[in-house]
There are 2 protein chains.
Amino acid sequence: MNSDMLTRITRYYRALNRLRSIGLEKVFAHNLADAAGVNAVIVRKDFSLLGIHGQKRGGYDILPLVNKLAEILGKGDAQNVIIVGCGRIGKALMNYSGFEPDGIRIVAGFDTDPLVYSDASNPIPLYPMSRLEEVIEALEVKIAILTVPENAAADCFQKLIDANIQGVLNFSPVTLKSQNVDGVLRPIVHNINIALELEQIFYEIQYPKKVKDNN
Amino acid sequence: MNSDMLTRITRYYRALNRLRSIGLEKVFAHNLADAAGVNAVIVRKDFSLLGIHGQKRGGYDILPLVNKLAEILGKGDAQNVIIVGCGRIGKALMNYSGFEPDGIRIVAGFDTDPLVYSDASNPIPLYPMSRLEEVIEALEVKIAILTVPENAAADCFQKLIDANIQGVLNFSPVTLKSQNVDGVLRPIVHNINIALELEQIFYEIQYPKKVKDNN
């Protein structure tokens, strides 16, 4: 599955969980298309590729569809995530309510500053960086969100690799890269660079692309 | 220019500004490749496509290169941005120091809650949503960062369109879409969905892709 299709599948999955939580039992390709920002033809094509077939004119039953997508996405129990760097963005993510419906749980935060990690009132346990490896192992954590300043990013990334982390969502402005380990990229890294996104939007405003249709 | 190349160009531009700020005058394709997470062959190819040529074995002079890329990226004066939704993530972005080096300036925040927007101690002026159009016009704002809860996203997006905003960086979990206005997408929308990124990383960990080299 390519990354565009994966993006769509995760969006369908999120939308389905929300529709189910408000009591719906059936869904149509058009509903999912709206939620995922594509058109209904693409939804039907994706499902067909995955061997999922709807009822004639009847749409799809939500429950088996959710279960099938969960299986494809490798979802089971809650997925434990840690946050490295407990500044404003790290703290904001710790308190973000949008992870729960997707089974994502922030289980610990790490910082180098004793004034930060000794704050016992924080809703999520905080630890010094020196306990990274121990906590990752004990809580079976696979993914870290990196929200440290630019000058600490490379060093923290190396510490995460040494602690055997398998995925990193990087919010620091440094572009971090996976290593090729026996033909497989380790760890999986997604870089989110907010300033870069804004610059690209400025560029696209200045040089608008001509398009044919809305999708 | 396609979006991958645009990403690289903005990364080169950022890296060059940082190198210049520490006193460097020359840069080599390899330096920029490291900063952008690609290899040097791609850097040289990008520059060649843009009509930028280095000196034989001498690399590139940073200053003219920065100016050329600034011209391509449409940069001039500071680029004014507003934040709609002053919760934890909105507030964290208001205090984020990573925008300044790129000439991005957060000039105002908006919220519907009087307890939030009447906080005079905030470093950036806060306004009620009802003043959106007026402030956008007065401060010549082109881009808004949307950090509202899921259930407010669609409504705020429509208000931004009505207030003539040209670009939106959306952090809410709802996927927002541009409209096709006479063959051009308006406004430009980039959706950053943090839960979705985490889910994709979980997926990629479970089903690792085979790769040939590091780039």
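Further up the page is the structure itself.
So, here's what we can say about the structure. (Residues numbered from 1 in each chain as written. Chains lettered and ligands numbered in written order. Predicted model: local features only at pLDDT ≥ 70, side-chain atom pairs only at ≥ 80, totals over all residues. Heavy atoms only, no water.)

**Examining the interface of chain A and chain B**
Applied cut-off: We call two residues contacting when some pair of their heavy atoms lies within 4.5 Å. A simple way to read buried area is as the amount of 1.4 Å-probe accessible surface that goes missing from two parts once joined, with both sides added. Each salt bridge in this description consists of a side-chain nitrogen of Lys or Arg and a carboxyl oxygen of Asp or Glu lying within 4 Å of one another. In the analysis that follows, any N or O atom pair within 3.5 Å is treated as a polar contact, provided that within protein one partner can donate a hydrogen and the other can accept it, and provided that, for residues neighboring in sequence, both atoms belong to side chains.
Residue-level contacts link 77 residues of chain A with 77 residues of chain B. Of all residues in chain A, the largest losses of buried area upon contact with chain B belong to Glu-199, Phe-202 and Tyr-203 of chain A, amounting jointly to 10% of the total for that side. Along the contact surface separating chain A from chain B lie zero salt bridges. Across the chain A-chain B interface, the total number found is nine residue pairs in polar contact (both at pLDDT 80 or more).

**Quick look at the pairing of strand β7 (residues 167-170) of chain A**
All names here are of chain A. This is how it is decided: The buried label goes to any residue with under 20% of its type's maximum accessible area, the exposed label to any with over 50%, and the partly exposed label to all in between, with areas taken from a 1.4 Å probe on protein chains only. Put simply, DSSP marks the helices as runs of H or I at least four residues long and the strands as runs of E at least two long, and each gets a number from the N terminus on. A pair of strands is labelled paired if DSSP reports no fewer than 2 bridges between them. For the handedness criterion, the strands are oriented away from the viewer, and a crossover whose path from the first strand over the helix to the second runs clockwise is classed as right-handed.
Where burial is concerned, the two faces of β7 agree: the one with Gly-167 and Leu-169 and the one with Val-168 and Asn-170 are both buried. The pairing of strand β6 (residues 143-146) with β7 spans four bridges and is classified as parallel. The partner of Leu-146 across the bridge, within β7, is Asn-170. Handedness of the β6-helix α8 (residues 150-162)-β7 crossover: right-handed. One ladder, built from four bridges, connects β7 with strand β10 (residues 188-191); its direction is parallel. Bridging from a neighbouring strand, Asn-170 pairs with Asn-191 of β10.

**Things to note about helix α8 (residues 150-162) of chain B**
Residue pairs spaced three or four apart in an α-helix point in one direction, given the helix's 3.6 residues per turn. All names here are of chain B. Buried within α8 are the following residues: Ala-153, Cys-156, Phe-157 and Leu-160. On its buried side, α8 packs onto β3 (79-84), α7 (132-138), β6 (143-146), β7 (167-170) and β10 (188-191). Positive phi shows up at Asn-164, right after α8, with a value of about 70°.

**Things to note about the environment of Val-174 of chain A**
Residues and elements named next belong to chain A. Following the sequence through the fold, Val-174 ends up in the loop between β7 and β8 (179-181). Taking C-alpha positions, Val-174 is 8.5 Å from Asn-151, a pair spaced 23 residues apart along the chain. Those residues within four positions of Val-174 in sequence are excluded, and the remaining contacts are Glu-150, Ala-153 and Asn-191.

**Considerations on the state of the cysteines**
The condition is simple: The rule for a disulfide is simple: a pair of cysteine sulfur atoms within 2.5 Å.
Tallying each qualifying case throughout the model produces zero disulfides over all chains. Free cysteine: Cys-86 of chain A, not disulfide-bonded; nearest cysteine sulfur from Cys-156 of chain A at 10 Å.

**Examining unusual backbone geometry**
For residues besides glycine, phi is generally negative; the peptide bonds are generally trans as well. All names here are of chain A. Here the residue pair Arg-186 and Pro-187 is connected by a cis peptide bond, since its omega of -20° sits within 30 degrees of zero. Counting through the fold element by element, Pro-187 comes out in the loop between β9 (184-186) and β10. Its identity is not glycine, yet Glu-140 carries a phi of approximately 50°, on the positive side. Among the secondary structure elements, Glu-140 is positioned in the loop between α7 (132-138) and β6.

**Comments concerning the pairing of β6 of chain B**
Residue and element names in this part refer to chain B. Burial along β6 is two-sided: the face carrying Ile-143 and Ile-145 and the face carrying Ala-144 and Leu-146 are both buried. Summarising the sheet, β3 and β6 pair through four bridges and their orientation is parallel. When the bridges of β6 are listed, Val-81 appears paired with Ile-143.

**Quick word on the relation of the copies chain A and chain B**
Here two copies of a chain appear, and what relates them is a rotation about an axis with a shift along it. Here is the rule we go by: Superposing the copies works by least squares over the C-alpha atoms of residues that have pLDDT at least 70 in both of them.
Screw-axis analysis of chain A against chain B gives a translation of 0.0 Å along the axis, an RMSD of 0.1 Å, and a rotation angle of 180°. The transformation just described matches what one would write down for a two-fold rotation axis.

**A short note on the sheet that holds strand β3 (residues 79-84) of chain A**
Residue and element names in this part refer to chain A. To keep things clear, this is the line we draw: Helix axes use the C-alpha atoms of the stretch in contact, all axes being lines fitted to C-alpha atoms, and the angles between their N-to-C directions lie in the range 0 to 180 degrees.
The six strands are arranged β5-β4-β3-β6-β7-β10 in an open sheet whose pairing can be described as parallel. Where the open sheet ends on each side, the last strands, each with one partner, are β5 (126-128) and β10. Neighbour-to-neighbour, the strand axes of the sheet open up by a mean angle of 25°, direction not taken into account.

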